[in-house]
Amino acid sequence: MKRPGWVTVVGVLGIIMGCLGLLGAGQTIMMPRIMEFQRQMFSGIERAIENEQKQRESKGAPPEQGGHPQRGRGTAPADWPPKEFLGLFNKMLAVPDWFNTWLVVSGILGLLVSGFSLYAAIVLLQLKRHAVTLFYFAAGISIGFSVVKAAVALSAASFLGLSLVAGGTFGIVVNGVLLIVTATADKRAFTATGPSATTFV
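Here the structure is a predicted model, which is why all the values come from computation and not from measurement. The residue count restarts for each chain, going from 1 along the sequence in the order it is written. With the structure being a predicted model, the display of local features is reserved for residues of pLDDT at least 70 and the display and counting of side-chain atom pairs for 80 or more, all residues being used for whole-chain, interface and lining totals. Calculated side-chain values reflect all of the structure's heavy atoms, with hydrogen atoms and water omitted.

Caption draft 1: Focus on a nonpolar patch on the surface. Together, Val9, Val12, Leu13, Ile16, Leu20 and Leu23 make up an exposed nonpolar region whose accessible area comes to about 530 Å². The helix count covers DSSP runs of H or I at least four residues long, the strand count covers runs of E at least two residues long, and both are numbered beginning at the N terminus. Its place among the elements puts Val9 in helix H1 (residues 5–58). Working definition: with a 1.4 Å probe on protein chains only, accessible area under 20% of the residue-type maximum means buried, over 50% means exposed, and in between means partly exposed. A relative accessible area of 49% places Val9 in the partly exposed class. Within this analysis, patches are made of residues with over 30% relative accessible area and no salt bridge. Like charges are joined at 9 Å or less; nonpolar side chains (Val, Leu, Ile, Met, Phe, Trp, Tyr) at 5 Å or less. Per-residue accessibility takes into account occlusion by the displayed protein chains alone, with areas from the Shrake-Rupley method and a 1.4 Å probe. One side-chain nitrogen of Lys or Arg within 4 Å of one carboxyl oxygen of Asp or Glu is enough to make a salt bridge.

Set out below in structure tokens:
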């Protein structure tokens, strides 16, 4: 039987969301190391600025002017970027100790959830008999997992947590729309005798 148009749209979008989910899960696993590297980098810049200021003060030299790369000489102090700017970045990267562990765990779970969603979307495109039920489960699990991640991220009370909530909200909306379309569309193409969804060919 010819594949309905809604199946193609939902299946392709499901594959895209699954692939994006796999990439995002991999990034989430690496995020604690990335944040630690950024913290060390900003701390190193801050220490370098402080050391330079101390050296100039010990020599009795006046503050050097013209440190801003865009404004030219004589218009900004030499300690650019300012320490307040670096401190803001450190606050943005500050998270509770348990949150780094959660990032790794949620990343691993995200690989499983996204992999299952990707498989369900492929099965849907193949019009296998249990594809719709499988897609219901995959979309529901994905939405539930995104809600849990958003709740945990909010409990961290950090800028990073808020950014993760924004990304999770996008996934919830897209998967919710795909779920509604699948639930309300004509599914007669799946009633014909065909291969089971548990087979790969």
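Caption draft 2: The arrangement of the side chain of Ser117 in detail. By the secondary structure assignment, Ser117 is in helix H3 (residues 97–125). It only takes one pair of heavy atoms within 4.5 Å for two residues to be counted as in contact. With residues up to four places along the chain from it excluded, the contact list for Ser117 reads Ala138 and Ser142.

Caption draft 3: Up close: the packing of aromatic side chains. Ring geometry is summarised as follows: Phe, Tyr and Trp rings, the Trp one being its six-membered ring, pair when their centres sit within 6.5 Å, and such pairs are stacked at plane angles under 30 degrees, edge-to-face over 60 and tilted between the two. Applying the stated rule across the entire model yields two aromatic pairs. Centroid distance Trp6 to Phe190: 6.1 Å. Interplanar angle 50°. Geometry classified as tilted. With Trp6 in helix H1 and Phe190 in the segment after helix H5 (159–184), this pair connects stretches of sequence that are 184 residues apart. Pair check on accessibility: Trp6 and Phe190 agree, each one buried.

Caption draft 4: The arrangement of the pattern of salt bridges in detail. All told, the structure shown has one salt bridge when counted by the stated rule. Where Asp186 meets Arg188, a salt bridge forms, and the shortest distance between an N and an O atom there is 2.7 Å.

Caption draft 5: Layout of the nonpolar core. We call a set of buried Ala, Val, Leu, Ile, Met, Phe, Trp, Tyr and Cys residues a nonpolar core when their side-chain atoms join them within 4.5 Å. Counting residues in hydrophobic clusters, the biggest one holds 19 residues, and the most contacted among them are Trp6, Val7, Val10, Leu124, Phe135 and Phe190. For this core, the element with the most residues is helix H4 (residues 131–155), which contributes six residues. When neighbours within four sequence positions are excluded, Phe190 is seen to be in contact with Trp6, Val7, Leu124, Leu127, Lys128, Arg129, Ala131 and Val132. Residues Met31, Val95, Leu103 and Ala156 belong to the second largest nonpolar core, which totals eight residues.

Caption draft 6: Summary view of the confidence of the model for the chain. Values of pLDDT, which run from 0 to 100, indicate the predictor's confidence residue by residue. Counting all residues, the mean pLDDT for the chain is 79, and 72% of those residues have values of 70 or more. Confidence, read as mean pLDDT per element, is least for helix H2 (residues 83–93) in the chain (61) and greatest for H3 (92). For residues 65–69, every residue scores under 50 in pLDDT, and the model assigns this stretch 17 contacts once sequence neighbours within four places are set aside. Residue range residues 197–201 is modelled with pLDDT below 50. Its contacts to residues more than four positions away, or to other chains, number 13 contacts.

Caption draft 7: Layout of unusual backbone geometry. A positive phi angle, close to 55°, is found at Leu127, a residue other than glycine. Residue placement: Leu127 occurs in the loop between H3 and H4. Residue classification places Leu127 among the buried positions, given a relative accessible area of 16%.

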